[in-house]
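Structural features, examined
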Amino acid sequence: MTAGPAPRAPQPDARPAPVAGSDVVPIVELRHITREFGSEPRVRALRDVDLTLDHGSSLAIVGVSGSGKSTLLNVLGCLDRPTSGTYLLDGIDVSRLDERLRAVLRAEVIGFVFQTFNLLAHRSVLDNVMLAEVYRGASREGREGREGRAERALTALERVGMQDRARFLPTRLSGGEQQRVAIARALMADHSLLLCDEPTGNLDSANTDSVLALFDGLSAGGLTLVIVTHEEQVAAHAQRRVRMVDGVLTEET
């Protein structure tokens, strides 16, 4: 009896394997997450947080400043490590990964949208969206690579209704349009999870309505949304709402 082929060595940048279990894996599962800062007396920013999010769901996180919202968002985005507890992201135990593998997973799964648009004023809308791949370390070499990146950027702009503004500079856009471009940039990698930190904080009511309608459409299309907000109007659009008070997470009905 001949031996079978030798097992193939894992690729250095391969995505980590998910934890074995059910075929239906939540996109986010937090188990007893705590986060502490400083020396004695230590500040407990997160206290025994449990949270599960299914694919395609939307969640609003509300609470006063200093309640732990931003700390929770940083943990969810793999930008910070919890002091204790387990974080499963798309079935993968993030708590056990080194920094390189965390970065690989974050680049594949998570997109970010912030209150400030962070667009380069001297580059076109299309260039700003294309740069998302450059920042992730995608190659900039070769005509084929550039053309493929432009095509993917135009697809992302089409998803947010901004394809007709692709050649504009950001300074020619309204606040709501600039935020749509920022969202397109976050969608460039076809992420599964979009984390939004006060995404309408710099927008008037009309542009807020426009961005919320966009979020509704993205959620209906299967994207998972987590939105940190102080605004009742924004929170009301999410399927679920949780409140942070002194690091404790409470579900609201």
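The shown structure was predicted, so the numbers you read here are calculated from the model rather than taken from an experiment.

Quick look at the environment of A184
Note on placement: A184 falls in helix α5 (residues 175-187). Taking the relative accessible area as the measure of exposure, A184 reaches 0% and is therefore buried. When the C-alpha positions of A184 and G111 are compared, they lie 9.8 Å apart, and in sequence the two are 73 residues distant. In contact with A184, other than residues within four places in its own chain, are V129, A156, L157 and V160.

Here we look at the packing of α5 against helix α6 (residues 205-220)
At a minimum axis separation of 8 Å, α5 and α6 run at an interaxial angle of 25°. By the criterion of interaxial angle, the relationship of α5 to α6 is roughly parallel. α5 and α6 meet at a crossing whose hand is right-handed. Contact residues: α5 offers G175, G176, Q179, R180, I183 and L187, while α6 offers N207, S210, V211, L214, F215 and L218.

Thoughts on helix α1 (residues 69-76)
For α1, the buried fraction is high: 6 of the 8 residues fall into the buried class. Of all the positions in α1, only K69, T71, L72, L73, V75 and L76 are classed as buried. Trailing α1 by a residue or two, C78 shows a phi angle of about 60°, which is positive.

Some words on the sheet that holds strand β3 (residues 58-62)
Judged by pairing direction, the sheet is mixed, and its 6 strands sit side by side in the order β6-β7-β8-β3-β9-β10 without closing on themselves. Edge positions in the sheet fall to β6 (110-114) and β10 (248-252), since each has one partner strand and no second. The average undirected angle you get between the axes of adjacent strands in this sheet is 20°. Where strand β7 (residues 193-197) lies against strand β8 (residues 224-228), 5 bridges are found, and the strand directions are parallel.

Here we look at the pairing of strand β9 (residues 240-245)
Note that β3 and β9 share 4 bridges and pair parallel. Bridge pairing links L59 to R240 in β9. The pairing of β9 with β10 spans 5 bridges and is classified as antiparallel. Looking across to β10, one finds that R243 is bridged to T250. Counting the residues that bridge the hairpin from β9 to β10 gives 2 residues, and of these D246 lies at a positive phi of roughly 50°.

Focus on the pattern of salt bridges
A full pass over the atoms with the stated rule returns 14 salt bridges. The partner of E36 in a salt bridge is R42, with the nearest N and O atoms 2.9 Å apart. A relative accessible area of 37% means that R42 is categorised as partly exposed. For the salt bridge of R240 with E251, the shortest nitrogen-to-oxygen distance reads 2.9 Å. With a gap of 11 residues between them, R240 in strand β9 and E251 in strand β10 connect regions that are remote in the sequence. By relative accessible area, R240 is classed as partly exposed at 25%. Given a relative accessible area of 45%, E251 falls into the partly exposed group. Salt bridges here are not isolated pairs; linked through shared partners, they connect E232, R241, R243 and E252.

Each value, and the rule that gives it
Residue positions are given per chain, counting from 1 as you read along its sequence in written order. In view of the model being predicted, local features appear only for residues whose pLDDT reaches at least 70, and side-chain atom pairs are presented and counted only at 80 or more, with totals across whole chains, interfaces and linings using the full set of residues. As a rule here, side-chain values cover all heavy atoms of the structure and leave hydrogens and water aside. Each helix is a run of H or I in the DSSP string that is no shorter than four residues. Each strand is a run of E no shorter than two, and both are numbered from the N terminus. In this scheme, a residue with accessible area under 20% of its type's maximum is buried, one over 50% is exposed, and one in between is partly exposed, where area comes from a 1.4 Å probe on protein chains only. In what follows, a contact means two residues having at least one pair of non-hydrogen atoms within 4.5 Å. Here an axis means a line fitted to C-alpha atoms, over the contact stretch when the element is a helix, while the angle between two N-to-C directions is reported on a 0 to 180 degree scale. Reported orientations rely on four angle classes, namely roughly parallel under 35 degrees, roughly antiparallel over 145, roughly perpendicular from 65 to 115, and oblique for the rest. Helix crossings are classified by the rotation of the near helix relative to the far one: an anticlockwise turn of less than a right angle makes the crossing left-handed, while a clockwise turn makes it right-handed. Paired strands, as defined in this entry, are two strands with at least two bridges between them according to DSSP. By definition here, a salt bridge exists when the distance from a side-chain nitrogen of Lys or Arg to a carboxyl oxygen of Asp or Glu is within 4 Å.

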